[in-house]
Amino acid sequence: MKTISLVLIALLFTGCEKNSEQSKKIHYELTDEVEKAPIVYVDFEKFKEGRPCDEVKFICLPESQDKSWQSVPLKNGLDLYELSPKIIQEYDLNVKEMWRKYEAYHSKSHSKGEKKPMFVTQLERNFLDKVKAKQFLVDMENNLEKEFPGFWKNIDKPVRYRWLSRAMSKAEKFGYASAQNNMMIELCARIGLDFDLNPKWKSITEFISIQERYIGIASKYIDFTIFEKDYSRSGSRITDWSLRTALRYLPKPNRPIPRLND
């Protein structure tokens, strides 16, 4: 929804989120079982072990069999929060008013050291943040369905949002910036929320613990090695060049890797 993206302006002006250091090594404590496990190459047969089914769908994830968390509402209420037309209209009005105040302030000269006024109240800011957070969940819900048709199937929407929030919590547990939430969600969609507790995924867990941006590379590596995809989601061909970083740390693929210039 185009209007929702305007909240980025609000976030820029209000400074509601601090930027984290980029390319910073993440120290993540593994369980003893995973830490002592040898590095293994995971092919499609190995991938299927411990899963209800072998497709990239919610019902094929190990955590889909655990009903205990699926009925627990989110503390922030986003799983039940609806972006109704009224909410969207209110959101648009808030953003327009914030923008008007900002332009009015910067159209005039001000003395050095003069304190800038608040362009949004705390109440308005909370509202904008809530709408933005819900829209992110909706976007990720739709993106997973687009990338993996039938991913959600008949799963109730509140459960979908609870699963997405759990994946985001996994990113936070690793110490990632919120900008990496979408990549962690896509990785968890492939190998489950608790991959870091499974010795099978030790190499992936260690790999994404190096740098935040490696999460997307991990998903590409999995797509190439396990699902034998030749193209990334963006449509670009997967080659030795696009996998160059993964190949420095992860087991060498058991299938020929196309060369960039071939």
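### Re empty space enclosed by the protein
Line of reasoning, step 1. Summed over the entire model, instances satisfying the criterion amount to 1 cavity of 30 Å³ or more.
Line of reasoning, step 2. Roughly 60 Å³ of internal volume is contained in the largest cavity.
Line of reasoning, step 3. Counting only elements with at least two residues in the lining of the largest cavity, the list comes to helix H8 (202-208) and helix H9 (214-225).
Line of reasoning, step 4. A total of 3 residues in the lining of the largest cavity trace back to one element, the largest contributor, which is H9.
Line of reasoning, step 5. Broken down by class, the residue content of the lining of the largest cavity amounts to 8 nonpolar, 2 polar and 1 charged.

### As for the layout of surface pockets
Line of reasoning, step 1. Taken as a whole, the second largest pocket holds about 240 Å³ of empty space.
Line of reasoning, step 2. Glu-147, Met-183, Glu-186, Arg-190, Ile-215, Gly-216, Ser-219, Lys-220, Asp-223, Ser-232, Arg-233 and Ser-234 are the residues that line the second largest pocket.
Line of reasoning, step 3. At the level of secondary structure, the elements contributing two or more residues to the lining of the second largest pocket comprise helix H7 (181-191) and H9.
Line of reasoning, step 4. Among the elements that make up the lining of the second largest pocket, the one with the highest residue count is H9 (5 residues).
Line of reasoning, step 5. Class assignment for the residues of the lining of the second largest pocket results in 2 nonpolar, 4 polar and 6 charged.

### So, the packing of helix H5 (residues 122-147) against helix H6 (residues 157-174)
Line of reasoning, step 1. Orientation of H5 relative to H6, taken along the N-to-C sense of each, is 100°, at an axis distance of 10 Å. It follows from the interaxial angle that H5 and H6 lie roughly perpendicular. Seen from H5, the contacting residues are Lys-134, Phe-136, Leu-137, Val-138, Met-140, Glu-141 and Leu-144; seen from H6, they are Lys-157, Arg-160, Tyr-161, Trp-163, Leu-164, Ser-165 and Met-168.

### Side note on the packing of H7 against H9
The relative placement of two packed helices is expressed as an angle between their axes plus a distance between the axes.
Line of reasoning, step 1. For the pair H7 and H9, the least separation of the axes is 8 Å and the interaxial angle reads 30°. Between H7 and H9, the crossing angle belongs to the class labelled roughly parallel. As for how H7 packs across H9, the hand of that crossing is left-handed. Together, Met-183, Met-184, Glu-186, Leu-187, Arg-190 and Ile-191 of H7 and Ile-215, Gly-216, Ala-218, Ser-219, Ile-222 and Asp-223 of H9 make up the contact between the two elements.
Line of reasoning, step 2. Among the residues forming the contact of H7 with H9, the class breakdown is 7 nonpolar, 2 polar and 3 charged.

### A few points about the packing of aromatic side chains
Line of reasoning, step 1. Applying the stated criterion across every chain, the model contains 13 aromatic pairs.
Line of reasoning, step 2. Here Phe-151 and Trp-152 contribute two aromatic rings whose centre-to-centre distance is 4.8 Å and whose plane-to-plane angle is 90°, an arrangement assigned as edge-to-face.
Line of reasoning, step 3. Given a relative accessible area of 1%, Phe-151 falls into the buried group.
Line of reasoning, step 4. An aromatic cluster of three or more residues is present, and its members are Phe-58, Trp-69, Phe-148, Phe-151, Trp-152 and Trp-163.
Line of reasoning, step 5. Stacked on the ring of Tyr-81, the Lys or Arg Lys-130 has its end atom at 4.4 Å from the ring centre.
Line of reasoning, step 6. The ring of Phe-224 carries the charged tip of Arg-255 above its face, separated from the ring centre by 4.2 Å.

### Observations regarding the environment of Asp-79
Line of reasoning, step 1. For Asp-79, the location among the structural elements is in the loop between helix H3 (44-48) and helix H4 (85-106).
Line of reasoning, step 2. Spatially, the C-alpha atom of Asp-79 lies 8.1 Å from that of Arg-160, the residues being 81 residues apart in sequence.
Line of reasoning, step 3. With near-sequence residues (within four places) excluded, Asp-79 lies in contact with Pro-73, Leu-74, Lys-134, Pro-158, Tyr-161 and Arg-162.
Line of reasoning, step 4. A polar atom in the side chain of Asp-79 sits 3.1 Å from the backbone nitrogen of Leu-74.

### Quick notes on the confidence of the model for the protein chain
Line of reasoning, step 1. For the protein chain, per-residue confidence averages 86 on the pLDDT scale, and residues scoring 70 or more make up 87% of the total.
Line of reasoning, step 2. For the stretch residues 2-24, pLDDT sits under 50, and the model shows 38 contacts to residues farther than four places along the chain or on other chains.

The rules we used
- Residues numbered from 1 in each chain as written.
- Predicted model: local features only at pLDDT ≥ 70, side-chain atom pairs only at ≥ 80, totals over all residues.
- Heavy atoms only, no water.
- 1 Å grid on protein atoms, 1.4 Å probe; cavity = no way out; pocket = protein on both sides within 12 Å on 5 of 7 lines; lining within 4 Å.
- Points joined across faces, edges and corners; volume = space filled by probe spheres on them.
- Helix = DSSP H or I, 4+ residues; strand = E, 2+ residues; numbered from the N terminus.
- Nonpolar A, V, L, I, M, F, W, Y, C, P; charged D, E, K, R; others polar.
- Axes fitted to C-alpha atoms, helices over the stretch in contact; angles between N-to-C directions.
- Parallel < 35°, antiparallel > 145°, perpendicular 65-115°, else oblique.
- Contact = heavy atoms within 4.5 Å.
- Left-handed = near helix turned anticlockwise from the far one by under 90°.
- Phe/Tyr/Trp six-rings, centres within 6.5 Å; stacked < 30°, edge-to-face > 60°.
- Buried < 20%, exposed > 50% of the residue type's maximum accessible area, 1.4 Å probe, protein only.
- Lys NZ or Arg CZ within 6 Å of the ring centre and 35° of its normal.
- Polar contact = N/O pair within 3.5 Å; in protein donor to acceptor, adjacent residues only side chain to side chain.
- pLDDT = per-residue confidence, 0-100.

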